[in-house]
Each structure stands twice: as C-alpha cells, then as structure tokens.
Amino acid sequence: MLESYVTPLLMSYVNKYIKNLKPSDLQLSLWGGDVVLSKLDLKLDVLEQELKLPFTFMSGHIHELRIHVPWTKLGSEPVVITINTMECILKLKDGAQDDHESGSSSTSRSVSEGSKPVAKPRRLQQAAPSDPDLPPGYVQSLIRRVVNNVNIVVNNLILKYVEDDIVLSVNITSAECYTVDDIWERAFMDITAPELVLRKVINFADCTVCLDKRNASGKIEFYQDPLLYKCSFRTRLHFTYDNINSKIPSVIKIQTMVESLKLSITDQQLPMFIRILELIIALYYGEIGGHKEGEGEEGSVHIREAGAILPAMDVDMENQVTSQYSSPELYLHGSPEEADQGWVSWAWSFVPAIVGSEEEMEEALYQQRETGGITNNPQHHTPKDPIVSIGFYCTKASVTFKLTETQSESSYYSPQKVKSREVLCLEQEGITIEVLMMGEPFFDCQIGFVGCRALCLKGIMGVRDFEENMNRREEDAVFFSCGDSLSSKGMTYLTNSLFDYRSPENNGVRAEFILDATNHKETYTEIAGMQRFGAFYMDYLYTMENSSSKGSQDYSVVNMEEAVPAVQETSIKRLVVGPLDIRLHSSAVHRILKMITCAMDHEYEPYCKPQQEIVEESHGPATPEEISNLEEFIPTRLTCLTLLQVSVTVSMAEFNLLHTLMPVIMGRKTAPGPVNIPVFQPVRPLPSVQFQVERVNVEHSVPMYAPELVSTVSSLSQPSDNLLHHCYAHLYLKVFGFQAGLTCLDSTGGFLPLTPIIPSFSTALYGKLIQMPAYWNKRSSVPTTECIFELPHFTVQATRAQTLLIQAICQSWTHSVFNGAPLTLSESLLNEVYKSPGVKSPGPSPTLEGSVQNLELKFCSRATVKCASGTVGAVKVCARTPGSGEGVKEKLVPLIQGPSDTKELHMSRWLNEIRKPESLLAPDLLVFSVQVPQQGDDCRNSGAVLLVSVQGIAVNVDPVICTWLLYQPHRGREGRQQQQTPGSVPLAKRREDEVSVGSTPLAKQPSNQASDYASSPVKTKTVTAGCISSLKAI
C-alpha cells in the first residue's frame, strides 16, 4: 500500500514541529485523505535549530493546519498543505532568557527532547513495511514525484520582532508554493532526462510591514503608517541536477521579482529603521550573537576583525549557507525538494537539505546504536558544493519620508491621532541585487540601479514651498538625479535572470557561471556595469584559493595564533556612480537636515562598543617558511569607488531656518523658541554656485587579518618594505576635471552656461595609517601616519561683482546661524555677473586672477616626531581688464610674480627688458620643512626644526587693485561711465606693462578661462640650490 510509505513521510514533519500530537489520530486522518488540526503550538527549540537564526522564538502558534492527500491520484495530483493564521514572535538571542519566555520554551524543549527517542524508532518501523506488488524502484520514484509536487499554501502569516521599544511586524495575506513547467505555469512535474530540472514558484500576496514603538508596559499607543503596504511579489526557483539520482542539485537559482515597491518612513520610524539596519550589520560582522558550533577559530578571527569595521564575515556568511549542504542524503532516498516541503520552513525552500540532512544523521546514529557498530555507507562523504544564485529585481521603488504631528480631538477623553505629512521622496528604477556563491571558495554580490532621483513634497517646517496651490513644476522639486530611465535603458536590469525570456534557463540551455576571479574581473568591468545599469553599480568579489600545491580542498581559515593563512583570500569591492546631478536649494537642504535630526532623536545603545587595543605577547618568532609565505602573498581587502560626471549646484537660500536644525546636529540641545515662518516666494533668477567633476577615483586597501599580521611583522627586527607596506591601511584619492563657477536658475527652470571661477584642474591625495599602532610604540623608525598632496596647477579668477555675489550666496545660508543679516541683491549686480551673450557692458570691471603651480605637501608622523614639508613651484597674480572695443585691447597687469630674478629689480632696465616665461628648470618658489618632537617618556627633546627657502618675489602695486576693491554695482548710465574712468590707463602705459610682463599675446575677446600668463609651463621637481629671500615693490 502507498499509505505505508507516504503517511510516515508526512507524519515525520508534523510530529517534528508540533507539540502534543497523537500519532495514531493523525495517521487515521491521513488515511482518510484529509486531516484538520486546530490551535497548534510549535516546538520552538526545533525551529531555532532548523532555521539557525540569531533569534529566539518567544511564541509560535498555528490556528489551523490542513493536509489533503489524493490517494487515488497520488501520481498526478499534488499533496496540498494549507496553514491558516500562523503567528511567531521573535527576539534577539541573549545570555539569559526572560522569565515569561522560559516557561513555554522549556516546556517545548522538554517535550521534544523526551519524544525524540521514541519517535525515531517508530518512524523507522513505520517505514519498514513493503508491498511485494510494488517494486522498490517504483516506490522511490513515486515518493520523489510526490515530494517534488507538494503544494504549500499559507494564509495570514504574522511574524513579529521585538527589541527595546521596537515592534517590527510582517503580515502576509497569502503565500503559495507550487511546481511549474518550462513556461512557469502550474503543472505536475518530475525530474526527467535530459533536462534534469525542477522549477517552482512562490507567490506572495499583500505583504504589509509595520514598524511601531511600544511603551514601557509593552503597548503601542500610536500606530504609525506601514513601512510597506500590500505589496505582492513572486519568486521563481530553478534546480538543476547532474543526474536523475542526485540528492543535491548542482545549480540552485532563487530569484524574486517586484513590480512596484513603495516604502514609507515617518520621523518616528526613522530611528527604529536605522536600528534594524544596524542590527543586520552587527549580525553580519559578528559583533553580536554567539557563533554557531563548528565555526571554531574561524569565527573568533572574524569577531576580532569586526572591531575594525572590516567586512571579515565573508567566509563565515558563506558557511552559514553552504554548511546546510554538508550531508548529501535525504529521508527515504527522496529528492532534495523533500526538505522544501517542510510546512514550517516553506520560506526556506531554496535550501534543499535544511531538514533532510539532519534527519539522515540522526538515522545513522540510531542504526549505530542498534547494531553496535558503525554503518558503512559509501555516500557519507563531502559533496561538491552547489552553485547558488540568488536574485532580487524591482521595476520601480520609492521611499517616502513623512513628518508626523499629534492632533487632539474635541473631547478631552478622546484619543489622540497622529497625522503624517509627506516631505521627501526617493525614487529608483531597475533595481538588481544578485548573489552568486559556490561554497567557501567563491562569493560575489552585484547591486545596480538604472535610475534614481529624489524630489521634495509639500511643505517643510511650516514653509509651504511645494504645496499644490503653489503650481510648482516637477523639475523644480527634483534635487537629485542619477542615471537613465527604463524607457531609454530598457530591461537590461533583468539580463540573464529567470524573468528574462532570453536567459539560458528559459530556453532549455544550462547556464554558465564565471567562478574564476580573473575571468570575473575581465567580464564584469566598470564599463559593462554602467552599460547594464547607468546610475549605480557595485561588485563585491570574495575568493579563496588553496595555497598548497597538493590540491587539498581544506579551506580552513587562519588560526588566531597563526600568521600564515592556509589559503589565499582576496576581497575586492568596486562601486561606480554614473552621471550625478545634485541641486542643493533651501527646500532640499532643510528636508535633508530635518531627516538627519529625526534619525538622531533616539537613546539606543550601540550593539558593539569599540574595545581598547590590547597588545598580546608574541608566542614565538615566525619561522623563515612563514615569512617567505607572507612575502609571497598577504590577504587584503580592496575597495574602489568611481564617480563619473558629478555636478553639484548650491543655490542661494530662498528661506533659512538652519538655526533650529544645526544645534541638534552638532549635539547641542536647545530649548525650542518662537520661529518666524517666512512666506515662501520663489526667487527667479536664482543665483547659484556649481561644482563639476569629470571623474573621481578612490581606492582603499587594508590587511584582511591585521592583528595576526601586525603582531608577526612587529616582532621582526628588520621587516622588509613589502611586509611593512601591508601593515598599513592605504587611501588613494584622484580628482580629474574639477571646476567651479557661477550659474543662474532662470524662470524656465534651466541653468545658464557656467561662468568659471575655478577653471578645470586635477589633483591627487595619498595617505596611509598604521594598523594596531600599540604594537609600534617602540619602533620609532616606522611611520604611523603619512600623507602626500599634489596639485600641479590651480587657478582662481573672479571680478569684484562675482565675489560679491558669492558672498551673498554664502551669507544667505549662514546669517541665521551666526545672527547676521542677509545681503540684498541688486538687479544691476545680477546683470553684471550674468551678462547676456553679445551685449557689451558699459563699464567693464577688471578680473583678478591668481594661480599656484606645482604645489606638493607631505606629512609624516612617527612615535617620536612629527614632520611636514612642502614645495610651491610658482605663484602668480595678475589683473585682466577687458577692452572697450574702440581699438583698446584687453590688457594684463602683473601684481605678484614668483619666482622672479630680483637682482636688478631697482634698475630701470629691469622694466624695459623682455622676459620670457619661467624655465622648466627654474627653482621652486617656496620650500619648507618642519619637524616637531612628540612628548613621550623616552623622547629626547632635541627641539623643533624649521627650514625655509624662498626665491625672489616681485610685487606690483597698481591702481587696478583699487578699481577692483572699490567696485559698486552700476546705477544708471552716469554711474557706469564714472565707474569706467578709474580703470582706464593710457595706451603707452598699457604697452609698457605688456612688454614688462613678456607674456604671449592675449585673445581680443574677454575670456573666462585662465590667462596665458597664469598658465606658464609646469615645471618638474628640482632641488633649490640656494636661498634668496627678497621682497620689493614697483
């Protein structure tokens, strides 16, 4: 009879997870085809052991459980398991359990532990009967088909997590898991050759997530708006097997698709939401929660690394997933999907052996006790790790921030109500999160966005800047935009997913995965990532390769007392941000700062407090073999960040309430006082300062196992440069094409062309910081900190009107904080700065231009001394006066020039001779070195040292300086004519100045770029031969 095989299979799951069941009654109900169980209590300890989560179940109940077994059509219709109203409450694990929890938990544990010795033999006895009319191969095939096609339906699933005053609840109206065919339609399927594939679908309907705050008595006074309200999504599971008798699939793909994801966060929920994120990060880095048995010294290494905020849980996180595949056998030789059908762990169906592996181990131990020996099972070996691919895809997502206010009813005894007001919205398109792993040796995570933007909603702090009656355009509300839109980019974010009809799995072809670090870096480049997404792309790659030549697969992690790892580990994170446009106006800045103040309004203690660095005594010097291995390879973690085409625009403040926000952000609690709410009126044209960067590269590297490495290297008498280099955390910053200027937002919503104030330049910064500095206190020759800054060329140019406008923009943001008054802008000042193309100014004002060449600064800190040095190649300041167009050309007046040969500066011949631009071999203008001793017990106070070498500097005091300083905005035609008079210079004097400067001919039309005078050839680094210090004025 089939009942003798199928009934024990179903009863094993029900009896394992539910308390106080009578197997005889359950067996009779199953033989009838339907069983209905009501008001069930879950075995909480079994759930904790099976799920292996860092949480404790406080309670677990099932209102109703239905099992339908179609005995007459068992080979063509699925077994249906229905759960109606399941509720579980969880909390974070701690050392001591609460009193109210210990009662139910201890009862469940005692019951389950007492029933194990009896239930296990009974299950084995029930599985023993065999029907001579049914061949064993047929029974095995039939059971595999039954297990592969079990349907699980959950109605009204409620999960709650409580911590401090936080109550996080997840409510899913319905969820259903069933088997599908090759076009993802519901069907009764089996694993057949040559495809050897099993597909499943899980549909989630109306998922609602709530985050509320409870009081000291545990009650929720005010219910907040749900974080997520009635969101539906679907998950596709794809299992590929090597052969029809495989117990574990070789490739597992689980991917989830959400069409629309709308999150809502209020100001009261924001601290709790950040607290939940901190909990996830702390669990990932191992800062809280005990490590599971079997992790051994690997887990202890990760705990120590987590104190340095390093992503050292890569291997540990993979172990938590891959360790579940440690045993290849399943109950009754069933397929891996047998474990999927555990009605409690339906959400964990992507783990094929989460239940079956442990049951097989228990059966093997029981057989050993019965036979008195060890069972020789040829299949008890470590299987090949399956390839696991997990994906999450979202077409459109939005996060809306709200501010709440309490409203009282008219009656005194009426409850208070909370009303929310939307102020900020963050929208994303084409979101992709993909994880690919294969056991411990390989882990990769990729995250990408096609497009992203942020916009202002309604009003903020009483200012009605974006109310519906303001008739503001949507372009004015957007203050952050990045990437493209789905309409222009297409569905590239779904490439090669189970939701892409072009993917190999949807065309009957086995997918190929790149599991080699070298090929991965060549395939998933920065260009490829931006072509697929466009806004944001992150690739995190972790690999582990065996360093021994014997080909051993023992991927054990470094011992706490061992400095040489048994494997070669690499960790690389690459982040790329596409074209980015940020507009910081009053509405955006006040909303961002308001969200920051709301996020800081909490009294939560951190999960992990930083521990003091303890210097451990060395357990003996490292052997030459260990030093040789370290010289060959040292595991490091590398993080690379690239920003492309960044534009940041800071507009003049249309309203300013920063005096109410900045004290809170700076940590000063101020008593709330009366605030004058301004009446908002859009200012057009709106002056702005804009910063543009073509590219920014940031690289950060740090040793993967800093404590072990530093303790070993610091014990060496003469460590090599390579070993010392890896004992530092290194930071490289490169900026290309940075420029800044003035622009203006006109009435049409567009910005005028940029008027450069700082022309385009590039710079670089390098810094390194020693790890575990306590180990190096007695090594005075080893630098603890070192920084190098290089700036080949830097130029600033501006008229007096432009500086007044920049001053007005800055003061519009700072006047409320520093109790000042904002500057008033005149129309003539705006007209002077933002000249219309082709219109000549009646009174052109001079432009001051200053440039610095070959600037290099160095800083070094050691245990006994701090040093700083620097060089300045050249400094030049000049004034450029535009021509009037009546034969008067643009003239250039030098004000400061260095280095300059000042030997014959007092002679008239110096003014008349023609001088060419500075030679490439000319000495640097300024060279300095500073050395200051540190205070210490064994410090020899030798005094500070200052060395300065200054070359000749020529200064010209010209009336054009007064013209620039005394500039006033024009008020009428006469004022403009009078303003022009002081700037006029006789033609002979102008020619004499041009000859004295000796610069190349200038363009006739006014130019906003750096002049040729300021752009003399860039010199290479030279050594100053002597020290010439003279300062004379013409």
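Asks: Please explain the environment of K866 as it appears in this structure.
Replies: Checked against the element boundaries, K866 lands in strand β24 (residues 865-881). For K866, a relative accessible area of 38% translates into the label partly exposed. With 65 residues separating them along the chain, K866 and Q931 place their C-alpha atoms 5.8 Å apart. For K866, the contacting residues outside a window of four places in its chain are F859, C860, S861, V930, Q931, V932 and Q934.

Asks: Explain unusual backbone geometry here, please?
Replies: Note on backbone geometry: most residues besides glycine have negative phi, and most peptide bonds are trans. Of note, the bond from A193 into P194 is cis; its omega dihedral lies within 30 degrees of zero at 5 degrees. Checked against the element boundaries, P194 lands in the loop between β5 (166-180) and β6 (197-213). Residues G898 and P899 are joined by a peptide bond in cis, for which omega reads 5 degrees. For P899, the location among the structural elements is in the loop between β25 (891-898) and α22 (909-912). Positive phi, close to 50 degrees, is recorded for Q645, a residue that is not glycine. As for its position among the elements, Q645 is in strand β18 (residues 636-651).

Asks: Can you walk me through the pairing of strand β14 (residues 478-483) in this structure?
Replies: Moving residue by residue along a regular strand, the side chains alternate between the two faces of the sheet. Pairing geometry for strand β11 (residues 442-456) and β14, over five bridges, is antiparallel. Residue A454 lies in a different strand from β14, and its bridge partner there is F480. Examined bridge by bridge, β14 and strand β17 (residues 580-584) share three bridges and lie antiparallel to one another. Residue pairing for β17: S481 is matched across the bridge by D581.

Asks: Even after reading the chapter, I still don't get the packing of helix α6 (residues 269-284) against helix α15 (residues 586-599), so can you show me in this structure?
Replies: When two helices pack together, you describe them by how their axes are tilted relative to each other and by the distance separating the axes. Put simply, α6 and α15 touch, their axes get as near as 7 Å, and they point 70 degrees apart. Regarding the angle of α6 to α15, the classification is roughly perpendicular. In this structure, the crossing between α6 and α15 has a hand that is right-handed. Residues L270, P271 and I274 of α6 touch α15, and the partners they reach there are M595, C598 and A599. Across the contact of α6 with α15, the residue classes break down as six nonpolar, no polar and no charged.

What counts and what doesn't
Residues numbered from 1 in each chain as written. Predicted model: local features only at pLDDT ≥ 70, side-chain atom pairs only at ≥ 80, totals over all residues. Heavy atoms only, no water. Helix = DSSP H or I, 4+ residues; strand = E, 2+ residues; numbered from the N terminus. Buried < 20%, exposed > 50% of the residue type's maximum accessible area, 1.4 Å probe, protein only. Contact = heavy atoms within 4.5 Å. Pairing = 2+ DSSP bridges. Axes fitted to C-alpha atoms, helices over the stretch in contact; angles between N-to-C directions. Parallel < 35°, antiparallel > 145°, perpendicular 65-115°, else oblique. Left-handed = near helix turned anticlockwise from the far one by under 90°. Nonpolar A, V, L, I, M, F, W, Y, C, P; charged D, E, K, R; others polar.

In short, shape yes, function no, at least from these values alone.
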